[in-house]
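Letter by letter, the chains look like this.
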Amino acid sequence: MALPPRITTRQTFLVALILSAVCSLLVSSTVIFLKDKQEQNMLIFKRANVLKAAGFQVKGSQVNQLFEQRIELRYFTLETGEYVDAPKDPQFDSVDAAKNPEFSQPIDPSKDLARIKRRSAVSEVYFLRSDDENSPKINRVILPVRGKGLWSTMKGFMALDPESFDVLGLSFYSHAETPGLGGEIDNPKWLNTWPGKKIYNAKGQVALKVL
């Protein structure tokens with residue numbers, strides 16, 4: 001009975017190399033082919049959290065439908081508060097822009113309570129309008145918020161009353177905090193403690209602080 005041919009070390013490494021190359025090609029191809037789908041899902045997830053801060057709990061196809069019906073997206077400069085044209089990048093995000101020195105500016109360390117170091121020169125603002133077409137009143141102003149946790153930068157949205165600027169809602173869409181500790185920012189009980197908090201005191205000074 002003949003013995004099976006001996007597999008050499010060289011052949012073993014060659015097979016491993018071929019398998020690695022094939023797997024890398026498959027993974028890379030999948031990422032490329034699904035890129036548009038991933039970006040679309042990320043946009044839906046972000047919009048869902050804008051709506052969540054505004055008091056809506058919607059999923060799937062309802063997200064884009066409600067967002068496009070009720071939400072108006074505009075941009076403004078943080079330096080002057082004036083509205084500006086929409087950025088050329090349709091996927092513009094003020095958090096990402098803050099990482100680019102060309103589109104951001106440093107924050108005075110004495111005022112950087114959230115420890116984010118830099119802020120984008122331009123930021124998004126979302127307006128929730130009433131569903132009455134004859135009277136498109138603004139019911140909510142939703143602003144992006146972020147701050148440093150223990151392990152990550154926590155990113156979310158805060159909804160404010162357009163007249164009193166009291167907090168009406170809060171949601172987070174990105175963080176890497178420890179479940180049961182920093183991850184409690186996702187706990188509905190904790191999020192429900194925010195509505196009613198005041199941004200300004202009777203003297204017009206900022207009263208909402210990071211502790």
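Residues numbered from 1 in each chain as written. Predicted model: local features only at pLDDT ≥ 70, side-chain atom pairs only at ≥ 80, totals over all residues. Heavy atoms only, no water.

Caption draft 1: Expanded view of the side chain of N49. Of note, N49 is situated in helix α2 (residues 35–53). On the accessibility criterion, N49 (5% relative accessible area) is buried. Excluding residues that lie within four positions of it along the chain, N49 makes contacts with F157, S171, F172 and Y173. (Helix = DSSP H or I, 4+ residues; strand = E, 2+ residues; numbered from the N terminus. Buried < 20%, exposed > 50% of the residue type's maximum accessible area, 1.4 Å probe, protein only. Contact = heavy atoms within 4.5 Å.)

Caption draft 2: Spotlight on the pairing of strand β7 (residues 153–160). Counting buried positions over the 8 residues of β7 gives 8, a clear majority of the element. By the alternation rule, side chains of β7 split into T153, K155, F157 and A159 and M154, G156, M158 and L160, which are all buried. Summarising the sheet, strand β6 (residues 138–148) and β7 pair through 8 bridges and their orientation is antiparallel. Across the sheet, V145 pairs through a bridge with G156, a residue of β7. Between β6 and β7, which pair antiparallel and follow one another directly, the connecting turn spans 4 residues. Both β7 and strand β8 (residues 167–174) contribute to a ladder of 6 bridges, which runs antiparallel. For K155, the partnering residue across the bridge sits in β8 and is S174. (Pairing = 2+ DSSP bridges.)

Caption draft 3: Examining the pairing of strand β1 (residues 71–77) more closely. Pairing geometry for β1 and strand β5 (residues 122–129), over 7 bridges, is antiparallel. Bridging across to β5, E72 finds its partner in F127. As defined by bridge partners, β1 adjoins strand β2 (residues 83–84) across 2 bridges and the pair is classed as antiparallel. Paired with F76 across the strands is Y83, a residue of β2.

Caption draft 4: Structural detail: the environment of R140. Mapped onto the fold, R140 is located in strand β6. Placed 87 residues apart in sequence, R140 and A53 show a C-alpha to C-alpha distance of 9.4 Å. If sequence neighbours within four positions are ignored, R140 has contacts with A54, Y126, F127, L128, A159, L160, P162 and L168.

Caption draft 5: Layout of unusual backbone geometry. Residue K117 is not a glycine yet carries a positive backbone phi of 70 degrees. Tracing the chain through its elements places K117 in the loop between β3 (104–106) and β4 (118–120). Judged by relative accessible area, which is 63%, K117 ranks as exposed. Unlike most non-glycine residues, F165 shows phi in positive territory, near 60 degrees. Along the polypeptide, F165 turns up in the loop between β7 and β8. You can call F165 partly exposed: its relative accessible area is 34%.

Caption draft 6: Quick peek at the packing of aromatic side chains. Counted according to the given criterion, the structure contains 8 aromatic pairs. Plain terms: the ring middles of F67 and Y126 are 6.1 Å apart, the flat faces sit at 75 degrees to each other, and that makes the pair edge-to-face. Taken as a pair, F67 in helix α3 (residues 61–70) and Y126 in strand β5 lie far apart in primary sequence, 59 residues in all. We note that F67, like Y126, is buried. Both rings, one in F157 and one in Y173, keep their centres 5.1 Å apart while their planes meet at 25 degrees; by these two values the pair is stacked. Of the two residues, F157 sits in strand β7 while Y173 sits in strand β8, which places them 16 residues apart along the sequence. Each member of the pair, F157 as well as Y173, carries the same accessibility label: buried. Taken together, F67, Y126, F157 and Y173 form an aromatic cluster joined through their ring pairs. Just above the ring of Y83 sits the side chain of R74; from NZ or CZ to the centre is 3.8 Å. The cationic tip of K197 hangs over the ring face of W194; the distance from NZ or CZ to the ring centre is 5.8 Å. (Phe/Tyr/Trp six-rings, centres within 6.5 Å; stacked < 30°, edge-to-face > 60°. Lys NZ or Arg CZ within 6 Å of the ring centre and 35° of its normal.)

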